[in-house]
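Observations on the three-dimensional arrangement
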Amino acid sequence: MYNQTEIIKDTTDLGPDGELVINMGPQHPATHGVLHLVVTLNGETIKKIEPHLGYIHRSIEKMCERLSYRQFIYVTSRMDYLSSHINNTACALLIEKGMQIEVPERAKVVRTILNELTRIASHELWIGAMAMDLGAFTPFFYAFREREMITDIMEDTCGARLTMNYIVPGGLMYDIHPNFQTKVKAFVKQFKEKVTEYEDLVTGNIIFQSRTKGVGVLTAEDAISYGCSGPVARASGVSCDMRKIAPYDAYDRVEFDEVIETAGDSFARYIVRVKEMNQSIRIIEQLIDNIPEGEFVGKTKNVLKLNKGEFYQRVETARGEFGVFIVSEGGTTPYRIKFRSPGFSNLSVLNHIAKGSKIGDLMATMGTLDLVIPDIDR
Amino acid sequence: MFLKDYISDVYNGVASLLKGMRKTGYYFTHSKEIITEQYPDNRATLKLADRFKGEVVMPHDDNNEHTCTGCTACELACPNGTIKIITKFDVTPEGKKKKAIDAFIYRLEMCTLCNLCITACPSDAIKMVPNFEHSVFDRSKLTKVLNKPGSKIKEGIE
Ligand code: SF4
Ligand code: SF4
């Protein structure tokens, strides 16, 4: 670990063998937030990368310990803000499991649809931002056009665009908007037409391919030993989809494929995300016409109290496996709460896969890990 | 062989770039399909979703009456102390004492718009409205008293 003065000293001194230490971030357009990488270079070759965290630490876990089981859910939207629905779902599922709350079928199906919409929105934003990191500005706008349709659906049904807080223990906060089904169908139709545009603009592009193919290769063994999950691990051939391994909500009744690539490079991670969007569309299509009628929230007590014990629930967010662990003393607030965020493990692999490559490739490698800093640094 | 590879690489590269450029050109000539909104010029026609969570308000009817009983359920439900309810005791015409709100203090700068207070309220006294232009020059303007001056509780609400 460096302390502050060492960082300043290192940036001005050339080390013994011509090493140069540069600080990338905390304010850097490609670090998407406040990630601080201390990169040791030998010429243009990366010798070492040390991520420094703490710039956006809000002590969320400690904060949750004084909030009740209804209140703490909204905080988790502020962690991985691009999968806020999925984070909320994880917390709600844990409480439902711990208290044996019956969730109505309608709520389960709507939750699944919303989770998949969130996943598409997150991957869309990632594709746009990733292409922008590599110097292509146009795809950003194309990706945002489709993402905007999703945020419109979210706005109508949940009342917010990013931090929804729509999922409560037992079901949903309120019923879906009457136009929910028509809007989702319109989105599915448009998405299927327009997804070819990404293929033309990005996937087939020779510059994009040569900047990502063979860059930042992660082997399956390393993916497992570093605890990677989500598209990062699946691009290396590791099967780790929580929706398949431990189905929750309505995932056990839908058909979809777990997307697995074997190359392990940045391009494979890109391909996994594009294919995953198509799988999400497949899930939505199976469910959207079959939303069961009935209650949208199950019967719950006014004051929620978890039994004494330890509880864990994991879900698949757009970035990987997200886990919530609660130790309860039987009171109305958690005794201890711990989140397992996918981004943290995915970031830890960065030094390993970027070492030895050129500094220009760092952008592609880091971009395809899909880091959301508030998720890493809670 | 080398020359053949080289030429086919250049050909494929240029073809992939032109394929992308064709899409850009398509939207350049089809400007109707562009969906950018011109805020704030479109303020008059801008319509936000009716459920959009923008601000907590307390609706009053024509007689300046609201339905808040001062039960403080919303204050307890709020995760971050945004709401503070100051109660007083009104004397009814029959001479009985009745609890009522003196001030419903709402700090917009602290509100996370999580909607928990609205779902907690047993008498639907507060609701969310889609206001989003909240910028003011002084932070103190964000602390609001939601019950209007002189307002009282509607008849028959307990
Ligand atoms: S919306 Fe949430 S944060 Fe705002 S006043 Fe209501 S409960 Fe408090
Ligand atoms: S707004 Fe509703 S919950 Fe809050 S004090 Fe008034 S009646 Fe009670």
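Residues numbered from 1 in each chain as written. Chains lettered and ligands numbered in written order. Predicted model: local features only at pLDDT ≥ 70, side-chain atom pairs only at ≥ 80, totals over all residues. Heavy atoms only, no water.

**Concerning the overall build of chain A**
When you go through chain A residue by residue, the secondary structure sums to 16 helices and eight strands. In terms of C-alpha radius of gyration, chain A reaches 21 Å, essentially the compact-globule figure of 21 Å for 378 residues. With the C-alpha coordinates of chain A rotated into their principal frame, the extents come out at 70 × 50 × 35 Å. With 378 residues in all, chain A has 60% of them scored as buried. Long-range contacts, defined here as pairs at least 24 residues apart, represent 70% of the contacts in chain A between residues at least 6 apart. Split by element, the accessible area of chain A, about 14,400 Å² in all, is 54% carbon and sulfur. Across chain A, the centroid of the 43 positively charged side chains sits 4 Å from that of the 49 negatively charged ones. (Helix = DSSP H or I, 4+ residues; strand = E, 2+ residues; numbered from the N terminus. Rg over C-alpha atoms; globule rule 2.2 N^0.38 Å. Buried < 20%, exposed > 50% of the residue type's maximum accessible area, 1.4 Å probe, protein only. Contact = heavy atoms within 4.5 Å. Areas by Shrake-Rupley, 256 points an atom, 1.4 Å probe, with all protein chains shown as cover. Lys, Arg positive; Asp, Glu negative; His and termini not counted. Charge placed at Lys NZ, Arg CZ, Asp CG, Glu CD.)

**A few points about the layout of surface pockets**
Of the pockets and cavities examined, the largest pocket occupies roughly 980 Å³. Together, 27 residues line the largest pocket, and A:R145, A:E148, B:I35, B:T36 and B:E37 are the ones closest to its centre. Looking at the lining of the largest pocket, the elements with two or more residues in it are α6 (138–158) of chain A together with α1 (2–29) of chain B. Ranked by residue count, the leading element in the lining of the largest pocket is α6(A), at nine residues. Tallied by class, the residues present in the lining of the largest pocket amount to 13 nonpolar, four polar and 10 charged. Forming the boundary of the second largest pocket are 22 residues, of which A:R70, A:N302, B:A77, B:T119 and B:A120 lie nearest the centre. Residue classes in the lining of the second largest pocket are distributed as 14 nonpolar, six polar and two charged. (1 Å grid on protein atoms, 1.4 Å probe; cavity = no way out; pocket = protein on both sides within 12 Å on 5 of 7 lines; lining within 4 Å. Points joined across faces, edges and corners; volume = space filled by probe spheres on them. Nonpolar A, V, L, I, M, F, W, Y, C, P; charged D, E, K, R; others polar.)

**What to know about the pattern of salt bridges**
All chains considered together, the criterion is met by 32 salt bridges over all chains. Salt-bridge contacts for A:E316 lead to A:R234; the nearest nitrogen and oxygen are separated by 3.1 Å. With A:E316 in strand β6 (residues 309–317) and A:R234 in helix α10 (residues 231–234), this pair connects stretches of sequence that are 82 residues apart. What makes A:E316 buried here is its relative accessible area of 0%. Look at A:R234 and you get buried, because its relative accessible area is 0%. Between B:K144 and B:E55 there is a salt bridge whose closest N-O contact spans 2.6 Å. Pair noted here: B:K144 is in strand β6 (residues 143–145) and B:E55 is in strand β1 (residues 55–57), with a separation of 89 residues, a long-range link. On the accessibility criterion, B:E55 (7% relative accessible area) is buried. (Salt bridge = Lys/Arg side-chain N within 4 Å of Asp/Glu carboxyl O.)

**Some points on the packing of helix α12 (residues 266–288) of chain A against helix α15 (residues 359–368) of chain A**
The description of two packed helices rests on the angle between their axes and on the distance between the axes. Residue and element names in this part refer to chain A. The geometry of α12 relative to α15 is characterised by a closest axis approach of 9 Å and an angle of 30 degrees between their N-to-C directions. Note that α12 runs across α15; the crossing there is left-handed. Along its contact with α12, which presents S266, R269 and R273, the element α15 presents A364, T365 and T368. Split into classes, the residues belonging to the contact of α12 with α15 amount to one nonpolar, three polar and two charged. (Axes fitted to C-alpha atoms, helices over the stretch in contact; angles between N-to-C directions. Left-handed = near helix turned anticlockwise from the far one by under 90°.)

**Considerations on unusual backbone geometry**
All names here are of chain B. One non-glycine residue, N64, adopts positive backbone phi at about 60 degrees. Counting through the fold element by element, N64 comes out in the loop between β1 and β2 (65–66). Although it is not a glycine, N115 sits at a positive phi angle of roughly 75 degrees. Structurally, N115 is set in the loop between β4 (97–107) and α3 (116–120). Exposure remark for N115: the relative accessible area of 5% places this residue in the buried category.

**Let's talk about the pairing of strand β3 (residues 45–52) of chain A**
The pairing of strand β2 (residues 36–42) of chain A with β3(A) spans seven bridges and is classified as antiparallel. Residue pairing for β3(A): A:V38 is matched across the bridge by A:E50. (Pairing = 2+ DSSP bridges.)

**A short note on the domain arrangement of chain B**
Here the domain parsing of chain B yields domain 1 (2–34) and domain 2 (54–153). Relative to domain 2 of chain B, the C-alpha centre of domain 1 of chain B lies at a distance of 59 Å. (Domains from an automatic or database assignment.)

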